[in-house]
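Chain by chain, the residues:
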Amino acid sequence: MVKKKRLRLIADMARKIRAYRELKNRPRPCERFALDYDTMTRPFTGKRLPPLAWEDVRRETRLFSLLAALRVFGVGRLFTRKSWLEEHAEPCYWRVTRVKIDYTAENMDHGTAWGILTFRGKAEGAEREIDKAMYHDWRLVPRHEEGRFARFEPQAEQPVRCVPYPPLLRAMLLAQGAEGEPALPLARHVLLSKDYFRKQELERQGRKQAGTPV
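Residues numbered from 1 in each chain as written. Predicted model: local features only at pLDDT ≥ 70, side-chain atom pairs only at ≥ 80, totals over all residues. Heavy atoms only, no water.

The protein is annotated in an unreviewed UniProt entry as Mitochondrial ribosomal protein S34 of Denticeps clupeoides.

Chemist: Where do I start with the overall build of the protein in this structure?
Modeler: Secondary structure summary: the protein contains eight helices and eight strands in total. Computed over C-alpha atoms, the radius of gyration of the protein comes to 31 Å, more than 25% over the 17 Å expected from 2.2 N^0.38 for 214 residues, which places it beyond the range of a compact globule. For the protein, the C-alpha atoms occupy an extent of roughly 95 × 70 × 40 Å along the three principal directions. Here the protein holds 214 residues, and the buried ones make up 22% of them. Expressed as a percentage of contacts within the protein between residues at least 6 apart in sequence, the contacts between residues at least 24 apart total 50%. Summing over all exposed atoms, the protein offers an accessible surface of approximately 17,500 Å²; the carbon and sulfur share of this is 54%. When the 43 basic and 28 acidic side-chain charges of the protein are each reduced to a single mean position, those positions are 10 Å apart. (Helix = DSSP H or I, 4+ residues; strand = E, 2+ residues; numbered from the N terminus. Rg over C-alpha atoms; globule rule 2.2 N^0.38 Å. Buried < 20%, exposed > 50% of the residue type's maximum accessible area, 1.4 Å probe, protein only. Contact = heavy atoms within 4.5 Å. Areas by Shrake-Rupley, 256 points an atom, 1.4 Å probe, with all protein chains shown as cover. Lys, Arg positive; Asp, Glu negative; His and termini not counted. Charge placed at Lys NZ, Arg CZ, Asp CG, Glu CD.)

Chemist: Got a minute to help me understand the layout of surface pockets in this structure?
Modeler: To locate leftover empty space, one rolls a probe as large as a water molecule over the atoms. Estimates place the volume of the largest pocket at around 690 Å³. Forming the walls of the largest pocket are 29 residues, and the residues nearest its centre are Arg26, Arg28, Pro29, Gly111 and Thr112. Mapped onto the lining of the largest pocket, the elements with two or more residues apiece are helix H1 (9-25), helix H2 (29-32), strand E2 (93-101) and strand E3 (111-119). Ala53, Asp56, Tyr135, His136 and Asp137 are, among the 16 residues lining the second largest pocket, the residues nearest its centre. Listed by contribution, the elements that provide at least two residues to the lining of the second largest pocket are helix H3 (54-59) and helix H5 (82-87). Classifying every residue of the lining of the second largest pocket gives six nonpolar, two polar and eight charged. (1 Å grid on protein atoms, 1.4 Å probe; cavity = no way out; pocket = protein on both sides within 12 Å on 5 of 7 lines; lining within 4 Å. Points joined across faces, edges and corners; volume = space filled by probe spheres on them. Nonpolar A, V, L, I, M, F, W, Y, C, P; charged D, E, K, R; others polar.)

Chemist: Would you explain H1 in this entry?
Modeler: The periodicity of an α-helix, 3.6 residues per turn, causes residues three or four positions apart to be oriented the same way. In this model H1 runs 24 Å from its N-terminal to its C-terminal C-alpha over 17 residues, within 8% of the 24 Å that 1.5 Å per residue would give. Of all 17 residues that make up H1, zero are buried, and the element is exposed over most of its length. (Expected span 1.5 Å × (residues − 1).)

Below is the structure:
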């Protein structure tokens, strides 16, 4: 006999109510990422920004500060970051696909955004949530420069032919007066002929006759 499943309607309703209350009481983005520019601290967490970020906070802009000033909140536009422009020669940018604005924010400059990332000229296939949107280093790519900014011709990668020596061997080579940075070649071009093996055999016999020095 099949045991009938008990219906726990009250328990299911209580679980849904608890989940709804947790979702309702969850802090909004405008509360989590609010910043006091006088003390450089976030009131919600009480954490202070690192001193290295203070200059960018005063000069640069957050992503949603740019999105709030654009039509349809910048959907379809390209956004890059100051750190990417300084570190990489290849184009790095986000193409915004959809935006969810936190309308409880004073200037509607908080929320969640999704887009397609192109990092160092390689574009991802699917959209995902844009991370680090609260950082103060975002920049908008002008529409008339989007084609030139996104244009990228990948160059053929050169095969790795040499690798650096281990630290101890590198120090020994530099102490012996090696010129430049010593590198270990990955390939040895040796012609395996009869003369090569004859020479190896003569060197082996010479070491046996010399013996081990005491």
